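For reference, the chains in residue letters:
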Amino acid sequence: MRKQLLMGLSIVLALSGVAQAADFEVILKNAQGGDAEAQYVAATSYRSGKDVAQDNNEAVNWFLKSAEQGHTMSQFELAKMYDKGLGIPENNRLAEKFYAIAAEAGFVHAQYNLALMYEQGKLVPSNEADMVNLMLAAAEQGLVDAQVRVGEYFVVGVAFEQNLEEAANWFLRAAEQGNLKAQFELGSIYLDPSFSNQDLDKAYMWFSRAAKQGYVSAQARLGELYLNGIGTAKDGAKALEWSEKAASAGDRVGQRNLGILYFNGRYVERNYEVAVEWYLKSAAQGDAIAQKNVGSMYHLGQGIEQDDIKAFGWLKKSAIQQYGLAQLNIAYAYRYGQGTPKNKIKAYQWYSIAESAGQSAAYFNLRKLASDMPPVDVEKGKALAKECLASAFQYCD
């Protein structure tokens, strides 16, 4: 009986294959007759290898014929093949040509992909507004990824002034559709004290939503909120739980926060060795606070062998990233020759920079140091600080 069933199934499948092949022959005949939709279907079949042997050249051939007749999906698919090099060599100019035609017709994914090509530097738009207008058009049609990008444009000020209120509006549209990145970014804006509608409860809500769905950066932030009682009651167990989740997933903020918990012995037994282990993981990923903490632990020999040279190296990395406490410590290191030769001019430079970052201790140290320096050296220190700040910390040595 089973053998008969298998034979019957084989016959059905064989007949189905014959039918599909016959269907493709009809499609191909219509395509050859100039039917744009049939040309599009033939192209997708050749590209996927469904009902016919896979052939990217034939796919391009039929997409092109269909695209030249104004078939928007063919224009988009042809552009995508050129853009991504899908079975054919990449060709940014041809990708731009066909994306632009489809985008002009209002095809949302063409608008988004062309904007991305401009953003990624694959093409040079006539002006920055072209890129932004394409992304805005896609966002206004409801494309979630485009809404997130527009939100990011408003955060950093691409093509227009920074505007957190507009950024929040776009992130909200995407967040309500379930986009986890948008939920995280919206939480970050609600947490920002410079946001006119700052709302710590909403920050907690959006971080929590994204964290519970596995968005690692939100898990790290949620751990911070529980640790400090921001937008929710303090909860050490949950602070540890979410920080561990994020840290284990490789998130540098989560790793730094877990280091802080072990360093301070908050909600977990104090352990400097474990603390510095997590700090180092975070610092290696560029976290400025973790870099400063690693430098301090090297200086004090906490959980790691004392080494002022390594301490200075980590503090310098953090200071260059504009972390005020590290800048203050660098100035101190130059002043007293800890991990680096004594240099009052460099000390003055970094005290000045730390003062501009709001470090009140730098104000008093700066004036005390100046009283022990020749005026010409003070002017040199001022010039070095000015150059460092003007270069956005590119030229600080």
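Residues numbered from 1 in each chain as written. Predicted model: local features only at pLDDT ≥ 70, side-chain atom pairs only at ≥ 80, totals over all residues. Heavy atoms only, no water.

**Here's the deal with the overall build of the protein**
Inference 1: Assigned secondary structure in the protein consists of 21 helices and 0 strands.
Inference 2: Relative to a compact globule of 397 residues, whose C-alpha radius of gyration would be 21 Å, the protein shows 30 Å and is clearly more extended.
Inference 3: In terms of its C-alpha atoms, the protein occupies a principal-axis envelope of roughly 90 × 60 × 40 Å.
Inference 4: Here the protein holds 397 residues, and the buried ones make up 45% of them.
Inference 5: In the protein, 45% of the contacts between residues at least 6 apart in sequence involve partners at least 24 apart.
Inference 6: Counting every atom, the protein has about 20000 Å² of accessible surface; 51% of that belongs to carbon and sulfur. (Helix = DSSP H or I, 4+ residues; strand = E, 2+ residues; numbered from the N terminus. Rg over C-alpha atoms; globule rule 2.2 N^0.38 Å. Buried < 20%, exposed > 50% of the residue type's maximum accessible area, 1.4 Å probe, protein only. Contact = heavy atoms within 4.5 Å. Areas by Shrake-Rupley, 256 points an atom, 1.4 Å probe, with all protein chains shown as cover.)

**Details of helix α18 (residues 324–336)**
Inference 1: Its 13 residues give α18 an end-to-end C-alpha distance of 19 Å, which sits within 8% of 18 Å, the value for a rise of 1.5 Å per residue.
Inference 2: By the burial criterion, the buried members of α18 are G324, A326, Q327, L328, I330, A331, A333, Y334 and R335.
Inference 3: Positive backbone phi, at 70 degrees, marks G337, one or two positions downstream of α18. (Expected span 1.5 Å × (residues − 1).)

**As for unusual backbone geometry**
Inference 1: The phi dihedral of D51 is positive, around 70 degrees, even though this residue is not glycine.
Inference 2: Within the secondary structure, D51 sits in the loop between α2 (36–48) and α3 (56–67).
Inference 3: Positive phi values are uncommon outside glycine, yet A392 reaches one of about 55 degrees.
Inference 4: Among the structural elements, A392 can be located in the segment after α21 (375–390).

**Here's the deal with the packing of helix α9 (residues 164–175) against helix α10 (residues 180–191)**
Inference 1: Packing of α9 against α10 brings their axes to within 8 Å, and their N-to-C directions diverge by 145 degrees. Note that α9 runs across α10; the crossing there is left-handed. Counting all contacts with α9, which are made through L164, A167, A168, F171, L172, A174 and A175, the residues of α10 involved are A182, Q183, E185, L186 and I189. (Axes fitted to C-alpha atoms, helices over the stretch in contact; angles between N-to-C directions. Left-handed = near helix turned anticlockwise from the far one by under 90°.)

**Examining the side chain of Q349**
Inference 1: You can see Q349 is positioned in helix α19 (residues 344–356).
Inference 2: Among the residues examined, Q349 registers a relative accessible area of 0% and is labelled buried.
Inference 3: Only 3.0 Å separates the side chain of Q349 from the side chain of K346, close enough to count as a polar contact. (Polar contact = N/O pair within 3.5 Å; in protein donor to acceptor, adjacent residues only side chain to side chain.)

**Here's the deal with the pattern of salt bridges**
Inference 1: Here the structure, examined in full by the defined rule, presents 17 salt bridges.
Inference 2: Across the pair R47 and E77 runs a salt bridge, and its minimum N-O distance is 2.8 Å. Placement of the pair is R47 in helix α2 and E77 in helix α4 (residues 72–84), with a sequence separation of 30 residues.
Inference 3: Here R47 falls in the partly exposed class, since its relative accessible area comes to 25%.
Inference 4: Note that E152 is salt-bridged to K181, the shortest N-O span being 3.1 Å. Taken as a pair, E152 in helix α8 (residues 144–156) and K181 in helix α10 lie far apart in primary sequence, 29 residues in all.
Inference 5: Overall, E152 belongs to the buried group, its relative accessible area being 16%.
Inference 6: Connected through shared salt-bridge partners, E119, R149, E152, K181 and E185 make up one network. (Salt bridge = Lys/Arg side-chain N within 4 Å of Asp/Glu carboxyl O.)

**Considerations on the nonpolar core**
A general tendency of soluble globular proteins is for nonpolar side chains to be buried together.
Inference 1: Ranked by internal contacts, the top residues of the largest apolar core, which has 92 residues, are Y99 and M135.
Inference 2: No other element matches the 8 residues that helix α6 (residues 108–119) contributes to this core.
Inference 3: What M135 contacts, discounting residues up to four positions off in sequence, is Y112, A115, L116, E119, A146, R149, V150 and Y153.
Inference 4: The next biggest cluster of nonpolar side chains, apart from the first, holds 25 residues, and it includes I330, A331, Y334 and Y351. (Core = buried A, V, L, I, M, F, W, Y, C linked by side-chain atoms within 4.5 Å.)

**Some thoughts on the packing of aromatic side chains**
Inference 1: Following the criterion strictly, the structure yields 12 aromatic pairs and no others.
Inference 2: Arranged with centres 5.1 Å apart and planes meeting at 45 degrees, the rings of F263 and Y272 form a pair that is tilted.
Inference 3: Assessed through its relative accessible area of 22%, F263 is described here as partly exposed.
Inference 4: Aromatic ring contacts, followed pair by pair, group F76, Y99 and F107 into a single cluster.
Inference 5: Lying across the ring of W242, K245 places its NZ or CZ 5.6 Å from the centre. (Phe/Tyr/Trp six-rings, centres within 6.5 Å; stacked < 30°, edge-to-face > 60°. Lys NZ or Arg CZ within 6 Å of the ring centre and 35° of its normal.)

**Some remarks on the environment of L186**
Inference 1: On the secondary structure map, L186 appears in helix α10.
Inference 2: According to the relative accessible area criterion, L186 is buried, its value standing at 1%.
Inference 3: Along the backbone, L186 and G324 are 138 residues apart, and their C-alpha atoms lie at a distance of 26 Å.
Inference 4: Contact partners of L186, with chain neighbours within four places excluded, come to A168, F171, L172, A175 and W206.

**Side note on the side chain of Q183**
Inference 1: Note that Q183 resides in helix α10.
Inference 2: Polar contacts involving the side chain of Q183 include one to the main-chain carbonyl oxygen of A175, which spans 3.3 Å.
Inference 3: Ignoring anything within four residues of it in the chain, the contact list for Q183 reads A175, G178, W206, R209, A210 and Q213.

So, to be careful, I would describe these as geometric facts and stop short of saying anything about function.
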